[in-house]
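Take a look at the letters that make up each chain.
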Amino acid sequence: MTHSISVGIDALAFAGPAAYVDLSDLAKARGVDPAKFTKGLGQHRMAIASPCEDTVTMAVESGAQAVRAFGIDPDEIGTLIVGTETGVDHSKPVAVYVHDLLGLNERCRTFETKHACYGAMAGLTASMDWIASGRARGRKALVIASDIASYGLGTPGEPTQGAGAVAMVVSEKPRLLRIQPRTIGDYTRQVMDFWRPLYSKYALADGHYSIQCYLDALRGARLDAVGERHDLLAGLSACLYHVPFVKMAFKAHQRELEMELGHALNKAEASTWQQLVESYERRCAPWLTLNADIGNIYTGSLFLSLIDLLRQAGADMAGEDISLFSYGSGCGATYCLGRIVEGAGDWRAALDPGEELAKRRRLGIAEYESLVRAGEQADRCETLDPFDYGLAGGLYYTGTRNDRRHYERG
Ligand code: HMG
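A. Representation of unusual backbone geometry. A cis geometry characterises the amide bond from G330 onward to C331, with omega recorded as 5 degrees. Relative to the helices and strands, C331 resides in the loop between β13 (321-328) and β14 (332-340). In this structure, R137 is a non-glycine residue whose phi angle is positive, near 50 degrees. Positive phi outside glycine occurs at D403, with the angle close to 65 degrees. Residue position: D403 is located in the loop between β16 (395-401) and β17 (404-409). Exposure remark for D403: the relative accessible area of 74% places this residue in the exposed category.

What follows is the structure in structure tokens.
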């Protein structure tokens, strides 16, 4: 793989809610075998946002962390894109609140992208094009993925919820991951696998069909990126995927290996199944620990896996190639290849959200359900007090007065 144009990810940071639900508690409350959630889906916990934590607050916290921890001057940011499917207004973009709350320069192009979980990859590739065209004039782009995944109480999607934001700074001298534009492949097809009508707070999903759509899109995007390659995986140190739940990454990796082998795999063929398991254990599983702990964060979930990889192996994998696959229901997808930059390992502490995650509060199921119900009313609440939700020390949504959303540090 040649890397003539050096554009890619220069900084990365995660921010998310202060509370979570343990999936063994949820399984018990729903009368389900916990192994279905932990082994069948591969999930252990899901982050739950309170009414005071929304797409804007999480985006700002992740953006501030990326800029601070990687020593970036906010005035260097010339494009801000927020990818989200959890907008807070039909018209006004989340990005413009974020622009204000991060104190970015007015000479900045700012917008929101929506295409289900694909919005942040759309933002990443658009900002790479902005840089490669010369229009950036040496400036950097800030792309933030921020979402709250909600399917409603007692639905099949409930154990695949989550919430959080990943901020990435994109530049022409990236310190973490270089992406080769010529290896970017795309795929689009109109499908009704997952959607959220204007009248609903909750996503609707044709769950099993959505898995099929995801796998078809992976095939299509990979073919567009690298063609009929039968030897690609051998040269990759890691394969990162959109992760609605951890087991989906296994299904995706299986599909990639099937494409290379030219036939479907099943457990009855012990030796090829073993080849799949070994490849998955080496190239995918180690980088799914944050996803298992946080849940589906929609637009940010692929990049959460990238944070996990870089915090654990940024030093050991310097100079090595990885693949990234982003899927957004509806559907749109991109497959691309990247190379980990020499020195990426130096940013381990800046990237690692481990300390923040360890401080999270475990919610009982009754408290989780009451937070979900309170969330349904949050957009219309005049006054919300973060203290009522055990929150302090961050940026919070404090209610909508005179039809205007308010954000305050508490
Ligand atoms: P379900 O029908 O309740 O679960 O919903 P299931 O019966 O399919 O079981 C799930 C797995 O657990 C299966 O494994 C079972 O065998 C296993 P598999 O056969 O798939 O390998 N299982 C057990 N394992 C161990 N012990 C047990 C046990 N019982 C069962 N006792 C579904 C699952 C994912 C469909 C549901 O949660 C859902 O609808 N989720 C939301 C949709 C979704 O996540 N789709 C993923 C692809 S689309 C996508 O990624 C885009 C998305 O992020 C949105 C966006 O783009 O914005 C969703």
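B. Examining the environment of S24 more closely. Mapped onto the elements, S24 comes out in helix α1 (residues 23-30). Sequence separation between S24 and R45 is 21 residues, and the spatial gap between their C-alpha atoms is 8.3 Å. Those residues in contact with S24 that sit more than four places away from it in its chain are P34 and R362. Engagement of the side chain of S24 in a polar contact is seen with the side chain of D22, the distance being 2.5 Å.

C. A look at the nonpolar core. The biggest cluster of nonpolar side chains holds 136 residues, and the ones touching the most others in it are L12, V98, I144 and F325. Among all residues touching V98, those that are not within four sequence positions of it are V56, A59, V60, L80, V82 and I144. Counting residues in each nonpolar core, the second largest holds six residues, with C117, Y151, F194 and A203 among its members.

The rules behind each value
- The residue numbering used here restarts from 1 in each chain and proceeds along that chain's sequence as written.
- This being a predicted model, a pLDDT of at least 70 is required before a residue's local features are given, and a value of 80 or more before pairs of side-chain atoms are given or counted; all residues contribute to the totals for chains, interfaces and linings.
- Neither water nor hydrogens contribute to the side-chain values; these are computed over all heavy atoms in the structure.
- Here a strand is any run of E in DSSP of at least two residues, a helix any run of H or I of at least four, and the numbering for each starts at the N terminus.
- When a residue's accessible area, from a 1.4 Å probe over protein chains only, is under 20% of the maximum for its type it is buried; when over 50% it is exposed; and in between it is partly exposed.
- The criterion used for residue contact is that any of the two residues' heavy atoms lie within 4.5 Å.
- N or O atoms within 3.5 Å of each other form a polar contact, as long as, within protein, one can give a hydrogen and the other can take it, and as long as residues adjacent in sequence are counted only when both atoms are side-chain atoms.
- Residues belong to one nonpolar core when they are buried, are Ala, Val, Leu, Ile, Met, Phe, Trp, Tyr or Cys, and are joined through side-chain atoms within 4.5 Å.

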